[in-house]
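Close look at the chain arrangement
Here is what each chain is made of, one letter per residue.
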Amino acid sequence: MALSRPALITLTALAPVSWGTTYAVTTELLPPDRPLFTALLRALPAGLLLLAVARVLPRGAWWGKAAVLGALNIGAFFPLLFLAAYRLPGGLAAVVGSAGPLFVAGLSALLLGQRPSARTLATGAVAALGVSLVVLRAAGALDPVGLLAAVASTASMSTGTVLTQRWGRPEGVGPLALTGWQLTAGGLLIAPLAFLVEGAPPALDGPAVGGYLYLALANTALAYWLWFRGIGRMTATQVTFLGPLSPLTAAVVGWAALGQALTPLQLLGMGLAFGATVAGQAVSRPKPSHIVAARREVVLRDTAADRRARRAAPLPWTGRTDKGVR
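Values in this document were obtained by computation on a predicted structure and should not be read as measured data.

Cut-off values and rules
- Residues numbered from 1 in each chain as written.
- Predicted model: local features only at pLDDT ≥ 70, side-chain atom pairs only at ≥ 80, totals over all residues.
- Heavy atoms only, no water.
- Helix = DSSP H or I, 4+ residues; strand = E, 2+ residues; numbered from the N terminus.
- Phe/Tyr/Trp six-rings, centres within 6.5 Å; stacked < 30°, edge-to-face > 60°.
- Buried < 20%, exposed > 50% of the residue type's maximum accessible area, 1.4 Å probe, protein only.
- Axes fitted to C-alpha atoms, helices over the stretch in contact; angles between N-to-C directions.
- Parallel < 35°, antiparallel > 145°, perpendicular 65-115°, else oblique.
- Contact = heavy atoms within 4.5 Å.
- Nonpolar A, V, L, I, M, F, W, Y, C, P; charged D, E, K, R; others polar.
- pLDDT = per-residue confidence, 0-100.

**Things to note about unusual backbone geometry**
For Asp 33, which is not a glycine, the phi torsion comes out positive at approximately 60°. Tracing the chain through its elements places Asp 33 in the loop between α2 (22–29) and α3 (35–54).

**Brief notes about the packing of aromatic side chains**
To describe a pair of aromatic rings, you give the distance between the ring centres and the angle between the ring planes. All told, the structure shown has seven aromatic pairs when counted by the stated rule. Measuring from centroid to centroid gives 5.6 Å for Phe 37 and Tyr 212, while their planes differ by 85°, and the two rings are edge-to-face. A residue pair is termed long-range when its members are at least 10 positions apart, and Phe 37 in helix α3 and Tyr 212 in helix α11 (residues 206–231) qualify at 175 residues. Here Phe 37 matches Tyr 212 in class, with each residue buried. Measuring from ring centre to ring centre gives 6.0 Å for Trp 62 and Trp 181, while their planes differ by 50°; the resulting arrangement is tilted.

**A word on the packing of helix α4 (residues 62–75) against helix α5 (residues 77–87)**
Contact pair α4 / α5: the axes reach a minimum separation of 5 Å and the direction vectors enclose 20°. By the angle between their axes, α4 is roughly parallel relative to α5. When α4 is examined against α5, the residues Ala 71, Leu 72, Asn 73, Ile 74 and Gly 75 are found in contact with a partner set consisting of Phe 77, Phe 78 and Pro 79. Partitioned by chemical class, the residues of the contact of α4 with α5 number six nonpolar, two polar and no charged.

**Section: the environment of Arg 87**
Take Arg 87: it is sitting in helix α5. Using a relative accessible area of 39% as the deciding quantity, one classes Arg 87 as partly exposed. Separated by 58 residues in the primary sequence, Arg 87 and Val 145 have C-alpha atoms spaced 7.6 Å apart. Here Arg 87 is in contact with Asp 143, Val 145 and Gly 146, once residues within four sequence places are set aside.

**A closer look at the confidence of the model for the chain**
Residue-level pLDDT values for the chain average 82, and 82% of them are 70 or greater. When pLDDT is averaged over each helix and strand of the chain, the minimum, 48, is found for helix α15 (residues 289–312) and the maximum, 96, for α4. Ignoring residues within four places in sequence, the model shows residues 286–300, a span with pLDDT below 50, making four contacts including any to other chains.

**Some points on the environment of Gly 180**
With respect to the helices and strands, the residue Gly 180 is situated in helix α10 (residues 175–198). Residue Gly 180 is classed as buried on the basis of its relative accessible area, which comes to 0%. The spatial distance from the C-alpha of Gly 180 to the C-alpha of Leu 57 is 9.2 Å, given a sequence separation of 123 residues. Setting aside chain neighbours within four positions, we find Gly 180 in contact with Gly 47, Leu 50 and Leu 51.

Written as structure tokens, this is what we have:
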């Protein structure tokens, strides 16, 4: 059943909203200082679960494509994001991440031939400004490694988003299988790094087990399925404009569940970022590839029918048809 556009946007937006709860779950329920182990348990179990449900493996060139997308969207993105969050002060990693629409706009011009409009660029700048008002705090000198990791994580996810739209999906393969491929590939990439850097897994208590189950099932398996499903039906820029909902959700969760106060400046930033998110969905979008292909087929079919009709019709100056004439 085809979804209406508002329903599609709402379901896709649930992904960054879910990701906005990651910080609270990590700090309140999970063992401290284990970012790679947490990234591994987010990605690999979720990917294997979706593979078991979809029961479809890549074929041919899609083994390589799935590995590339898994590395960009999961395997590189998760560790870089956690590294930036641990080394940068006051939510600066979230501010860099909120520039994702600008990254995607530039990459879409290079890889998809979609030239960004002035409205898209302005809306992306407003989104980044709004997020910065929500999450930034006074801090000392910036950590160059953390800043580089934040930029690299945003570039990695943005490139993966654009390539996911450019490559689409193999015929007969749904977003569930495509998500499973990427999560599994990304998890396998993280696994050796996690054990090499952090050693053996930590002991887990009940809250930690519940936290990891939430991250793997709702925060990753379901959220990334909705995300990649949205990429297949919307432009990469439109999907990325939903990204600021993640730090906004984190701020709301911190206020509602962790007792963190929201200042008037933060509320202003939330309004700007949310307004930019809504405005980002109003940009013109190309027709999905299956619609373009169907219309092309109709045009070709009509052209062939017209050609046959012309060949069967008598030529006005001879009374004969043009059958056989090339």
